[in-house]
Amino acid sequence: LAQDPKFDAKTLRVEDAGAYHQIFPGESGKAILSVLEADARSEGVLPTVLTETLRTSIAESIEDYRQDHKPAVLTRNALYALGSTVTLMVLVYGVFWGFRRLDGFLERRVKRRMQNLEAQSKRIVRGEQLWGLLHGALRMLRALVVVFLIYGFANFALSLFPQTRYAAHTLFQLVLGPLGRMVDGVIDFIPDLVFLAVLFFITRYGLKLARSLFSAIDNKRLQF
């Protein structure tokens, strides 16, 4: 129906067939949807209300489909995608440039202090190892920022076009799903974390009390 330019979405009509309601595309044609009494009961509304809601939703979907497939809209979205591509390239270049400057600054300032720390600790602390860890952490952070930018661009560009909008939704859920489960896991772990914290403080002060008790016995300040 959406691909038929002659069809007017406003002509969608609802017909009561007794045991069920149907939605027709105008005065003639086959019913495109039937709503049973069980459908209405599962939604907790009257059949007429559910059928009218679905009719409105179908009409809006038809109009949205036609709007998204207009040549002017597709051209505008293509320009948006091109602009976002240029923006992505500039941002990625800026990230590499900024992290390169940050790496040089840290190498001049922090690496020297790490070498001094190595000398003061009689080579127990290895300055090169600490600098290697910091350098690796910076490279990992840079990679994460670049991946985040590329992901954001891909999700935005795919969502511009109706042919790829489902792929954008899938890509969004692919990342959001694990993040949501991680957040839920952290929230579920909070009671256990509180229990561990309470246990830690009880054990800590219990050990302090025991240490004081046995110290008093050892110093003859307490006798049984």
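These remarks concern the structure in this document. The residue numbers shown here count from 1 along each chain, following its written sequence. In view of the model being predicted, local features appear only for residues whose pLDDT reaches at least 70, and side-chain atom pairs are presented and counted only at 80 or more, with totals across whole chains, interfaces and linings using the full set of residues. Remark: hydrogens and water are excluded; side-chain values derive from all non-hydrogen atoms of the structure.

## A few points about the overall build of the protein chain
(1) Moving on: A count of helices and strands for the protein chain gives 5 helices and 3 strands.
(2) Moving on: Counted from the first residue to the last, the protein chain has its helices and strands arranged as β-β-β-α-α-α-α-α.
(3) Moving on: Over its C-alpha trace the protein chain gives a radius of gyration of 33 Å, far above what one expects of a compact globule, namely 17 Å for 224 residues.
(4) Moving on: Per-residue accessibility, obtained with a 1.4 Å probe over protein chains only, is compared with the maximum for each type, and a residue is labelled buried under 20%, exposed over 50%, and partly exposed between these values. Within the span of the protein chain, comprising 224 residues, buried residues form 20% of the whole.
(5) Moving on: Any two residues having at least one pair of non-hydrogen atoms within 4.5 Å are treated as being in contact. For the protein chain, the proportion of contacts with a sequence separation of at least 24, taken over those separated by at least 6, is 48%.
(6) Moving on: Here the accessible surface of atoms and residues is derived via Shrake-Rupley with a 1.4 Å probe, and residues count as covered only by protein chains that are part of the display. Working note: accessible area of the protein chain is about 16,800 Å², and carbon and sulfur atoms make up 65% of it. Comment: elements are numbered from the N terminus, with helices defined as DSSP H or I runs of at least four residues and strands as E runs of at least two. Radius of gyration here is computed from C-alpha atoms only, and the compact-globule reference equals 2.2 Å multiplied by the residue count raised to the power 0.38.

## Some words on the nonpolar core
(1) Moving on: A2, F7, A9, L12, I23, A59 and I62 form the largest nonpolar core, which has 7 residues in total.
(2) Moving on: In this structure, A59 is in contact with A9 and L12, ignoring residues within four places of it in sequence.
(3) Moving on: For the purposes of this section, nonpolar cores are sets of buried Ala, Val, Leu, Ile, Met, Phe, Trp, Tyr and Cys residues that join through side-chain atoms within 4.5 Å. F99, L106, L138 and V146 belong to the second largest nonpolar core, which has 5 residues in total.

## Comments concerning the sheet that holds strand β3 (residues 33-36)
(1) Moving on: Two strands pair under a simple rule: DSSP has to find at least two bridges between them. Taken together, 3 strands build an open sheet; the order of strands is β1-β2-β3 and the sheet is antiparallel. Each having just a single partner strand, β1 (12-16) and β3 make up the two edges of the open sheet. Averaged over all pairs of adjacent strands, the angle between strand axes in this sheet comes to 20 degrees, irrespective of strand direction.
(2) Moving on: Bridge analysis of strand β2 (residues 20-25) against β3 gives 4 bridges, and the strand direction is antiparallel. Its bridge partner lying in β3, I23 is registered against L33. Angles shown run from 0 to 180 degrees and are taken between the N-to-C directions of axes, each axis being a line fitted to C-alpha atoms and, for helices, limited to the stretch in contact.

## Section: the packing of aromatic side chains
(1) Moving on: A pair of Phe, Tyr and Trp rings is counted when the ring centres sit within 6.5 Å of each other, with Trp represented by its six-membered ring. The angle between the planes then sorts it: under 30 degrees is stacked, over 60 is edge-to-face, the rest tilted. Enumeration according to the criterion identifies 1 aromatic pair in this entry.
(2) Moving on: An angle of 70 degrees between the planes, with centres 5.2 Å apart, marks the rings of F200 and F201 as edge-to-face.

## Some thoughts on the pattern of salt bridges
(1) Moving on: Salt bridge, as used here: a side-chain nitrogen of Lys or Arg that lies within 4 Å of a carboxyl oxygen of Asp or Glu. Summed over the entire model, instances satisfying the criterion amount to 3 salt bridges.
(2) Moving on: E15 is paired through a salt bridge with R13; the nearest N and O atoms lie 3.0 Å apart.
(3) Moving on: Residues D68 and R165 are paired through a salt bridge, measuring 2.8 Å at the closest nitrogen-oxygen approach. Here D68 is found in helix α2 (residues 47-68), whereas its partner R165 is found in helix α5 (residues 165-218), with 97 residues between them in sequence.

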